Amino acid sequence: MIVIDNVSSEPSEPLHRGRWCRGMSWFWGAAWLRGSGWVVLLCLLVLIYGSHAPLIALTQSDGRIPFSPSSCVILIELTKLLVSSATLLATEGRSALFSTSVSGVLVLPYAAPAVLYALNNNLVVYMQAHMDPSTFQLLSNLKIVSTAMLYSSCLGKRLRPTQWLALGLLTMAGGAHSYSSLVNEPSAGPEDHWGPRLHVTGQGLVLLLVYCSASGLAAVITERTLKSQRLPLSLQNIFLYTWGVAINVATHVGGNAKERSFLEGFSALVWLIVIGQAAAGLMMSVVMKHGSGITRLFVISSAMLVNGAISWAMLGLQLTPLFLLPTGLVAIAAYLYYR
């Protein structure tokens, strides 16, 4: 049972609400997502996700990241929580924040994605001992398949044969892009003249299976929870990011928090990363609420191509003709899936 004063999926118009408040209410709603609004949202997401890795590379000093990644994640989650709280306050009034009684049954589902994403963040570290980074980069594209299978089975969304083909092409695009990156890597010696050497242990394959399953399950649970509850998205985001902040703080404290101070190494560029990723997370919640997790996969796959283009422009990455293959595969996949 949930009782929320003055909160509904179509909020009323409080007195003394300014243009900014009305604009925020309009943004979190679904009406603007028709036509060009949806295209603009997806393009912004692709741009932000695609620029993430190059921006991190620009912060490096002597090949090392000067800041704590866990501190950065906490600040990203905290920023999303504060923006969601401010949005709810602006669009629904103070009663939505301070006069809300929510049952634990509605809040607990938001803990599952936070736990799964925290699990994956740690799995990435452990997996490096059982496979080389290049193998991880190649095989991690299988999470597209795992997400699609969980999306179909858990959410009851039946996909057409052409849509399954499109997702297969999307997976191939990720593999082709990863391989094109490997080809550009310098050889370690004459023994590597046959190309990049890949290796993975049996335990590494098990960890990879868990990693891909956890990634897909987190996306499916998030989408199902957001769509099944008739609550404002800003309120749902508060639930989601509260868990995110709590779990990431616990991970930070229990990890290597003593190696450096919380904000050590933070520059203007790092703060730009925090703001960008927080904005991307909030926009992705709109996609998950009003779109689908499959759209999220297409955004991420498109972002890897933008990543390559930005890395070429800003970091001097050498692109080969092979780069055109994943670009074409993503375009064909999008056409087949959404036609």
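Residues numbered from 1 in each chain as written. Predicted model: local features only at pLDDT ≥ 70, side-chain atom pairs only at ≥ 80, totals over all residues. Heavy atoms only, no water.

**Observations regarding the overall build of the protein**
This is how the line gets drawn: Where helices and strands are cited, they refer to DSSP runs of H or I of at least four residues and of E of at least two residues respectively, numbered from the N terminus. Any two residues whose heavy atoms approach within 4.5 Å at even a single point are treated as in contact.
Scanning the protein for helices and strands turns up 14 helices and two strands. Contacts in the protein between residues far apart in sequence, at least 24 positions, make up 87% of those at least 6 positions apart.

**Considerations on the packing of aromatic side chains**
Worth spelling out the cut-off: The criterion for an aromatic pair is that two Phe, Tyr or Trp rings (for Trp, the six-membered ring) have centres within 6.5 Å, with stacked assigned to planes under 30 degrees apart, edge-to-face to planes over 60 apart and tilted to the rest. Buried, partly exposed and exposed residues are distinguished by accessible area as a fraction of the type maximum, computed with a 1.4 Å probe on protein chains only: under 20%, between the cut-offs, and over 50%, respectively.
Scanning all chains against the criterion turns up six aromatic pairs. Geometrically, the ring pair formed by Phe67 and Phe266 is edge-to-face, given 5.8 Å between the ring centres and 65 degrees between the ring planes. In this pair, Phe67 sits in the loop between α2 (36–59) and α3 (69–92) while Phe266 sits in the loop between α11 (233–254) and α12 (268–290), placing the two residues 199 residues apart along the sequence. By the burial criterion, Phe67 is buried, and Phe266 matches it. Grouping aromatic residues by their ring pairs yields a cluster made of Phe67, Phe266 and Trp271.

**Examining the packing of α12 against helix α13 (residues 293–315)**
Stated formally: What counts as an axis is a line fitted to C-alpha atoms, over the stretch in contact for a helix, and the angles between N-to-C directions run from 0 to 180 degrees. Any angle that is under 35 degrees is reported as roughly parallel, and any over 145 degrees as roughly antiparallel; angles of 65 to 115 degrees are reported as roughly perpendicular and all others as oblique. Following the grouping adopted for this structure description, the nonpolar residues are Ala, Val, Leu, Ile, Met, Phe, Trp, Tyr, Cys and Pro, the charged ones are Asp, Glu, Lys and Arg, and the polar ones are all others, Gly among them.
Packing of α12 against α13 leaves a shortest axis separation of 8 Å and a crossing angle of 140 degrees. Between α12 and α13, the crossing angle belongs to the class labelled oblique. In contact with Met284, Val287 and Met288 of α12, α13 contributes Gly293, Thr295, Arg296 and Val299. Residue composition of the contact of α12 with α13, by class: four nonpolar, two polar and one charged.

**Some points on the pattern of salt bridges**
Note the cut-off: The rule for a salt bridge is simple: a side-chain nitrogen of Lys or Arg has to be within 4 Å of a carboxyl oxygen of Asp or Glu.
The final tally for this structure, using the stated rule, is two salt bridges. Ionic pairing is found between Lys80 and Glu77, a salt bridge with its closest N-O pair at 2.9 Å. Residue Lys80 and its partner Glu77 are located together in helix α3, separated by three residues, close to a single helical turn. For the pair Lys80 and Glu77, a shared accessibility class is recorded, and that class is buried. With its nearest N and O atoms 2.9 Å apart, the salt bridge here joins Lys227 to Glu223. Of the two residues, Lys227 and Glu223 are both situated in helix α10 (residues 202–228); the distance of four residues between them amounts to about one turn of the helix.

**Details of a nonpolar patch on the surface**
Note the cut-off: Residues enter a patch when their relative accessible area is above 30% and they make no salt bridge; the linking distance is 9 Å between like charges and 5 Å between nonpolar side chains (Val, Leu, Ile, Met, Phe, Trp, Tyr). Here, Shrake-Rupley sampling with a 1.4 Å probe gives the accessible areas, and only protein chains in the shown set may cover a residue.
A cluster of nonpolar residues, Leu142, Val145, Met149 and Trp164, forms a patch on the protein surface that exposes about 360 Å² of accessible area. Tracing the sequence through the fold places Leu142 in the loop between α7 (133–139) and α8 (143–154).

**What to know about the nonpolar core**
Across soluble globular proteins, you tend to see nonpolar side chains buried next to one another. Defined as follows: We call a set of buried residues a nonpolar core when its members are Ala, Val, Leu, Ile, Met, Phe, Trp, Tyr or Cys and they connect through side-chain atoms within 4.5 Å of each other.
In this structure, Leu41, Leu45, Phe239, Met284, Val287 and Val299 are the most contacted members of the largest nonpolar core, which totals 28 residues. Only α2, α3, α10, α11 and α12 provide two or more residues apiece to this core. Counting 23 residues, the second largest nonpolar core, distinct from the first, contains Ala166, Ala173, Phe298 and Leu329.

**Some points on the side chain of Ser311**
Inclusion rule: A 3.5 Å cut-off defines polar contacts: any pair of N or O atoms within that distance qualifies, except that in protein one atom must be a possible hydrogen donor and the other a possible acceptor, and neighbouring residues in sequence count only when both atoms are side-chain atoms.
Here Ser311 shows up in helix α13. On the basis of relative accessible area, Ser311 is assigned to the buried category, the value being 10%. A polar contact is formed between the side chain of Ser311 and the backbone oxygen of Asn307, at a distance of 2.8 Å. Those residues in contact with Ser311 that sit more than four places away from it in its chain are Pro54, Gly316 and Leu317.

**Overview of the environment of Ile238**
Its place among the elements puts Ile238 in helix α11. Since its relative accessible area comes to 12%, Ile238 is described here as buried. Between the C-alpha atom of Ile238 and that of Leu81, which follows or precedes it by 157 residues, the distance is 5.6 Å.

**Here we look at α13**
Spelled out, the test is: Here, expected helix span is obtained from the residue count minus one, scaled by 1.5 Å.
With 23 residues, α13 should cover 33 Å at 1.5 Å per step; its first-to-last C-alpha distance of 31 Å lies within 8% of that length. With its phi angle positive at about 75 degrees, Gly316 sits one or two positions after the end of α13.

**Overview of the side chain of Asn237**
Within the secondary structure, Asn237 sits in helix α11. Within polar-contact distance, the side chain of Asn237 engages the side chain of Ser285 at 3.2 Å.

**Focus on the environment of Ala333**
Assignment of secondary structure puts Ala333 in helix α14 (residues 324–338). What makes Ala333 buried here is its relative accessible area of 0%. In this structure the C-alpha to C-alpha distance between Ala333 and Ala173, which are 160 residues apart in sequence, comes to 9.1 Å. With sequence-adjacent residues up to four places away left out, Ala333 is seen in contact with Ala166, Leu169, Leu170 and Phe298.

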